[in-house]
Amino acid sequence: MVRKFSADQLRRRRQFAVAAGLLLAALCHTAATATKLSPLREGALSSDGVLSPRGPASVARDVDESYFLPNNSIPTHYAISLRTDIHENVRTFSATTWVYLTILEPTSTLTMHFQELTIQAAFLYRVPNSGGNPIQIDQPTHTVNIVTEQLFFRSASQLAAGNYALRVVYTGSMRNYQSGYLVSQYRDDDDQWRYVGTTHFQATLARRVLPCYDEPALKATFDLEITHHRTYTAIANMPMTQSTVDPTDRDYMVTSFERTPRMSTYLLAFAVTDFVTRSNGRHQVTVRSNAVDDALYALDVGATILDRLAEYLDVPYYEYMPKITSIAVPDRGTGAMENWGLVTYGEPSLLYNPAVNTYRNRKRVTTVIAHEYAHQWFGDLVSPLWWQYIWLNEGFATLYEYYATRLADPGDEYWELFNGEVIQRAFIDDATETIRPLNQNAASQNDVAALFDVIAYQKAGSVLNMFRNVLGETRWQEALRSYLTERELSVADENTLATHLQRTVQGSQGVLPAGTTIHTVLASWTGAPGFPVLNVRRLYRDDGAMILSQERFLADRVLPTTHTWHIPYNYAYESSATFHDLSQFEWLTTRAAKIVTPVPDTEWIVFNLQQTGYYRVNYDRRNWDLLVDALLANHVAIHRLNRAQLLDDAFQLARADLLDMGVVLRMMRYLRRERDYAPWLAADKALRYLYEKLRGTDHEPVFRAFVSELIEEVYATVVPVDTVTDGETTLFKYLRELITGWGCRIGHADCLQRSRDALRREYGAAAVLDPTPVDPDVRAVVYCYGLQAEDATEEFTAIYQRFMASRNQAERTDLLNALGCSGSADNIRTLLATVQFSAIPGSGFVYLSEEKGQLFRAITDGGRLPINAMMEVFADATTLEQLIGVVGTDPIVSAINRIAERTNNPEELRRLETMLDAIGPSLPVSGALEVATARPQWFSTAEGLIVGQFLEGYNTV
């Protein structure tokens, strides 16, 4: 039944929770002398003594309450014994789990979570309050609800309130994707496949390995022992206590681990592998033996990041956990999971080899480690009360993913990327009408999984960073310290965070709007979907008066809204261009307000210094013109992050019909003198959008000339495209790749020739005896555009062979992306044929699980010629059927849809129609033709007409 909780229902549930908390505290006190088999102790609840898995704000959305566990019993401890034969690629396991629990009110049914386990036996025990071993009292029956994934153990008689233990004997299965106990594989140095087992339990997947109370607020301690083959080792959240020979089979070992602190089920983790471990004090990295050297960077930088976070938060990590291990899991994509004390990563997110990996790979490894290590506090030490507050986990982790690198090594410059990669990224999804707010309740497994989105990560990180700037670093750190120490080993919600933030500003003047609290201000950002645009309308009078107003920003429409955000704003202007003082700000807490400023009406003004506020800014046309003139005359007078903001805001405002696109195009002409990466990153998004609209049309040559003018001067400062020099900064590397990428894309002769020559020097016939390797930091542009030459077949073959031989997944990704750029139709057909043949055992064509789909993306991103070649392959019914048999329909359907989105002229449309006619109804791609035929309509929109008019009048001389 789907229903909304009433206020009265919530009050009664809260009263029950308080009573349950008091009861459990008393029970835990009487059990203080219990043996290891009865681990009840004080503190089994959240620190306020309240058991309330779903917080009060959950009324904001209708949910199906049947997915929630009842509040009549809670777990205190799990003791798990698991046996695995993963060394032989056996994808089943057997286990026995003791669930220690407290019944809070009389019941005959114990309800837990469960997914695809086969229960063989269950035994119920009474745990004496005075201590001693549990006493068996029943063999309960069980039933399962496969929809809610709940397991019901029914006793023959009513069970009084008190302490119990349930022993469950069962078997389970492993999967080859991120779900429960999963299997991965890799090739060893003898080219043999090896199989390993790791876990991934977030958000609702611990139930795939043990019957449990799989809700984040229902924390407990865990004992774990794993029986595995003697050639493998087991690791887990906690250090090993012993590893002894299995008395039933001397080929196996039984490895036991220390008891965990109280934690949520989704944080439990273990791995059974033949990997090796390297240590830096209590900081460890575990990897396959043929990747040890690639793990040394993570071993070093991870230890530094963990130490810097502990110092910054003033909450030592090792006071709660005795060690931390990061494990690189092969063929697991690029994700990571913050299990407390045992963090799992896809290999590209932990392994970095400067000989073959790029500066972007290094950045990814650094920031992903920082993200997961931030979770050790935000998510592990303090967990969300319910999944609707997952943004507390992911928002803090996203913020410190960047900020922690500034603490560890400011020279990396990764903090400079926060605005472009986080704030401006969040704006894209958050500008859609159907987007959710930060706080959104969820009950079903699918709804919970859907909460792990841009809103939980990038938007939450942006909003939290805004409050960090509003409070100032000192107050912010003080609030986080109290938040973490007072809620340690417990749970939190938005109100918890607001309470701790409020304490730091209590009695301070000018920090918050008059008469408000942090609770009110924060709720204005978490309780409604979307974000505001701050409209600045200057009156151009002697008193500097302006009208500020706010409305929700939507990318494709304007809708009325009654919601009001509490917007912190500050500004700089021409004669007071102080962009670095972020401590001064005012508030807009109403729909509109008139302010008086000292700004002369002949000077420009910029709001939202360094774009620390999570909102866009639109100005009256006169101020936009003043800003454009200022950028053209002396762009460095405006801070680089605000130059990026102006470009991004202007482009998106124009796309939403809130600003003339002509303003954007005129503003871009200042880029000729821009040397900072942040503005170019913002401009790149706009230029790519326009290029996708104009490529293959009559306007393309003029657009290329326009881009050529923009990059001409900066291109001269970042060439040669094929060379890396000592002392280059991170941001210079980013800038060079962006600018040279555009140079080659628009046909810049120097860029194309240098790329072609560099590829020949590494792989051409003359390079056999003395090759000159292309530096990984310039490989993306050199390889892609070097391979576009029709006669680059030798180089194509050599790169493909290197791809097949590589054991470094990040390098494989880069090489595969380059292969998709090939300018030879035969090479593209050969590439697709290797996917077909990869299904044949012993073919030698080895692709990792995600690489086949990636190959199709690489081809559609590689240019028109690769796309045409792939369309010809898809048009052959037999070949298409074979490809579908190998990769499934999804990658191919996605490729066809991307082709449709890149169809710009009658010839391209004819090719698409021919391919779709050949495919017929065998694939669900009926919408592709509609998408393609609609694309020319853009030129009749206001946006398209303005762009066309600008280009028609563009002076190319």
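See the structure shown above.
As the structure is a computational prediction, the values presented were derived from the model and not from experiment.

Visitor: I would appreciate a short explanation of the nonpolar core in the present structure.
Guide: Proteins that are soluble and globular tend to have nonpolar side chains buried together. Core analysis: the largest hydrophobic core is formed by 302 residues, its most contacted members being Trp 377, Tyr 400, Trp 476, Phe 607, Trp 680 and Phe 874. The element contributing the most residues to this core is helix α14 (residues 677–694), with twelve residues. Once you skip the residues sitting within four places of it in the chain, Phe 607 turns out to touch Leu 534, Val 536, Met 546, Leu 548, Tyr 569, Asn 570, Tyr 571, Ile 595, Val 617, Tyr 619, Asn 642 and Gln 645. Within the second largest apolar cluster, seven residues are counted, among which are Ala 79, Phe 123, Val 127 and Ala 165.

Visitor: Can you walk me through the packing of aromatic side chains in this structure?
Guide: One pair of aromatic rings is described through two measures. These are the centre distance and the angle between the planes. For the structure shown, the criterion picks out 50 aromatic pairs. On the basis of an interplanar angle of 50 degrees and a centroid distance of 5.2 Å, the ring pair of Tyr 181 and Phe 270 is categorised as tilted. One end of the pair, Tyr 181, is in strand β11 (residues 180–187); the other, Phe 270, is in strand β17 (residues 270–273), and 89 residues separate them in sequence. Side by side, Tyr 181 and Phe 270 carry an identical accessibility label, which is buried. Taking 6.4 Å as the distance between ring centres and 40 degrees as the angle between the ring planes, the aromatic pair formed by Tyr 571 and Tyr 573 counts as tilted.

Visitor: Help me understand helix α18 (residues 779–786), please; the structure alone is not making it clear to me.
Guide: Along an α-helix, residues three or four positions apart point the same way, because every turn accommodates 3.6 residues. A large share of α18 lies buried, amounting to seven of its eight residues. When we look at burial in α18, the residues that qualify are Arg 779, Val 781, Val 782, Tyr 783, Cys 784, Tyr 785 and Gly 786. Of the surrounding secondary structure, the elements contacted by the buried residues of α18 are α16 (730–745), α17 (749–763), α19 (793–805) and α20 (809–819).

Visitor: Explain the environment of Asp 657 to me, please; I cannot follow it from the model alone.
Guide: Topologically, Asp 657 is positioned in the loop between α12 (640–655) and α13 (661–668). Separated by 101 residues in sequence, Asp 657 and Asp 556 have C-alpha atoms that sit 7.9 Å apart.

Visitor: Explanation requested: the state of the cysteines in the structure shown.
Guide: Linking two cysteines covalently through their sulfur atoms gives a disulfide. Enumeration according to the criterion identifies two disulfides in this entry. Sulfur-sulfur distance for the disulfide between Cys 744 and Cys 751 comes to 2.0 Å. Between Cys 744 and Cys 751, the S-S torsion sits near -95 degrees, and that sign places the bridge as left-handed. For the pair Cys 744 and Cys 751, one class covers both residues: buried. Each disulfide pairs two cysteine sulfurs, and for Cys 784 the partner residue is Cys 821, the sulfurs being separated by 2.1 Å. Between Cys 784 and Cys 821 the disulfide shows an S-S torsion of about -90 degrees. By sign, it is left-handed. Within this pair, whereas Cys 784 is found in helix α18, its partner Cys 821 is found in the loop between α20 and α21 (825–837), the two being separated by 37 residues in sequence. Considered together, Cys 784 and Cys 821 belong to a single accessibility category, that of buried residues. Along the protein chain, the cysteines engaged in disulfide bonds are linked according to the scheme 1-2, 3-4 when indexed in sequence order.

Visitor: Sorry, what's going on with the packing of α21 against helix α24 (residues 877–887) here?
Guide: Angle between the axes and distance between the axes: these two values describe a pair of packed helices. Viewed as axis vectors pointing N to C, α21 and α24 meet at an angle of 55 degrees, and their least axial separation amounts to 8 Å. Taken together, the axes of α21 and α24 are oblique relative to one another. Here α21 runs over α24; the crossing is left-handed. Residues Leu 832, Val 835 and Gln 836 of α21 pack against Thr 879, Gln 882, Leu 883, Val 886 and Val 887 of α24.

Visitor: How should the pattern of salt bridges be read in this particular structure?
Guide: Opposite charge on two side chains allows them to pair when their charged atoms are near. Taken as a whole, this structure holds 60 salt bridges when the rule is applied. The shortest N-O distance in the salt bridge between Arg 362 and Asp 412 comes to 2.9 Å. Placement of Arg 362 in helix α3 (residues 359–375) and of Asp 412 in the loop between α4 (390–408) and α5 (418–430) is noted, with a sequence separation of 50 residues between them. Taking relative accessible area as the criterion, Asp 412 reaches 7% and is therefore assigned buried. With a closest N to O distance of 2.7 Å, Glu 486 and Arg 503 form a salt bridge. Taken together, the residues Glu 486 in helix α8 (residues 473–486) and Arg 503 in helix α9 (residues 494–505) connect sequence positions 17 residues apart. Sharing partners across several salt bridges, the network here consists of Arg 621, Asp 625, Asp 629, Asp 660 and Arg 666.

Visitor: When you look at the sheet that holds strand β20 (residues 324–329) in this model, what are you seeing that I'm missing?
Guide: Sheets are built from strands paired through backbone hydrogen bonds, the pairs being either parallel or antiparallel. Pairing is mixed in the open sheet, where five strands are placed in the order β18-β19-β20-β22-β21. Two strands close off the open sheet at either side, each with one partner strand: β18 (276–280) and β21 (336–337). In the sheet, β20 pairs with strand β22 (residues 342–346) via five bridges, with the strands oriented parallel. Looking across to β22, one finds that Val 329 is bridged to Gly 346. Relative to the sheet, α3 contacts β19 (283–287), β20, β21 and β22, its axis offset from that of β22 by approximately 150 degrees.

Visitor: Any chance you could explain the sheet that holds strand β14 (residues 233–236) here in plain terms?
Guide: Taken in spatial order, the four strands of this open sheet run β11-β12-β17-β14, and their pairing is antiparallel. Since the sheet does not close on itself, it has two edges, and those belong to β11 and β14, each with one partner. If you compare each strand with its neighbour and ignore which way they point, the axes differ by 15 degrees on average. In the sheet, β14 pairs with β17 via four bridges, with the strands oriented antiparallel. Bridging across to β17, Ala 234 finds its partner in Val 272.

Visitor: Is there a simple way to explain the packing of α18 against α20 in this structure?
Guide: In contact at an axis separation of 8 Å, α18 and α20 are set at 35 degrees when each is read in the N-to-C sense. Here α18 contributes Arg 779, Tyr 783 and Cys 784 to the contact with α20, which in turn contributes Glu 811, Asp 814, Leu 815 and Ala 818. Per-class residue counts for the contact of α18 with α20 are four nonpolar, no polar and three charged.

Visitor: I would appreciate a short explanation of the environment of Tyr 734 in the present structure.
Guide: Inspection of the secondary structure assignment puts Tyr 734 in helix α16. In this structure the C-alpha to C-alpha distance between Tyr 734 and Gly 530, which are 204 residues apart in sequence, comes to 30 Å. Leaving out residues up to four positions away in the same chain, Tyr 734 has contacts with Tyr 359, Arg 360, Lys 363, Leu 417, Glu 421 and Tyr 677.

Visitor: Hey, could you run me through the pairing of β20 in this one?
Guide: Two faces make up the sheet, and in a regular strand the side chains alternate between them. Counting buried residues in β20 gives six out of six residues, a clear majority hidden from the surface. Going residue by residue along β20, you find Ile 324, Ser 326 and Ala 328 tucked away on one face and Thr 325, Ile 327 and Val 329 tucked away on the opposite face as well. Bridge analysis of β19 against β20 gives four bridges, and the strand direction is parallel. Across the sheet, residue Gln 284 finds its bridge partner in β20, namely Thr 325.

Definitions and cut-offs
- Residues numbered from 1 in each chain as written.
- Predicted model: local features only at pLDDT ≥ 70, side-chain atom pairs only at ≥ 80, totals over all residues.
- Heavy atoms only, no water.
- Core = buried A, V, L, I, M, F, W, Y, C linked by side-chain atoms within 4.5 Å.
- Buried < 20%, exposed > 50% of the residue type's maximum accessible area, 1.4 Å probe, protein only.
- Helix = DSSP H or I, 4+ residues; strand = E, 2+ residues; numbered from the N terminus.
- Contact = heavy atoms within 4.5 Å.
- Phe/Tyr/Trp six-rings, centres within 6.5 Å; stacked < 30°, edge-to-face > 60°.
- Disulfide = S-S within 2.5 Å.
- Axes fitted to C-alpha atoms, helices over the stretch in contact; angles between N-to-C directions.
- Parallel < 35°, antiparallel > 145°, perpendicular 65-115°, else oblique.
- Left-handed = near helix turned anticlockwise from the far one by under 90°.
- Salt bridge = Lys/Arg side-chain N within 4 Å of Asp/Glu carboxyl O.
- Pairing = 2+ DSSP bridges.
- Nonpolar A, V, L, I, M, F, W, Y, C, P; charged D, E, K, R; others polar.

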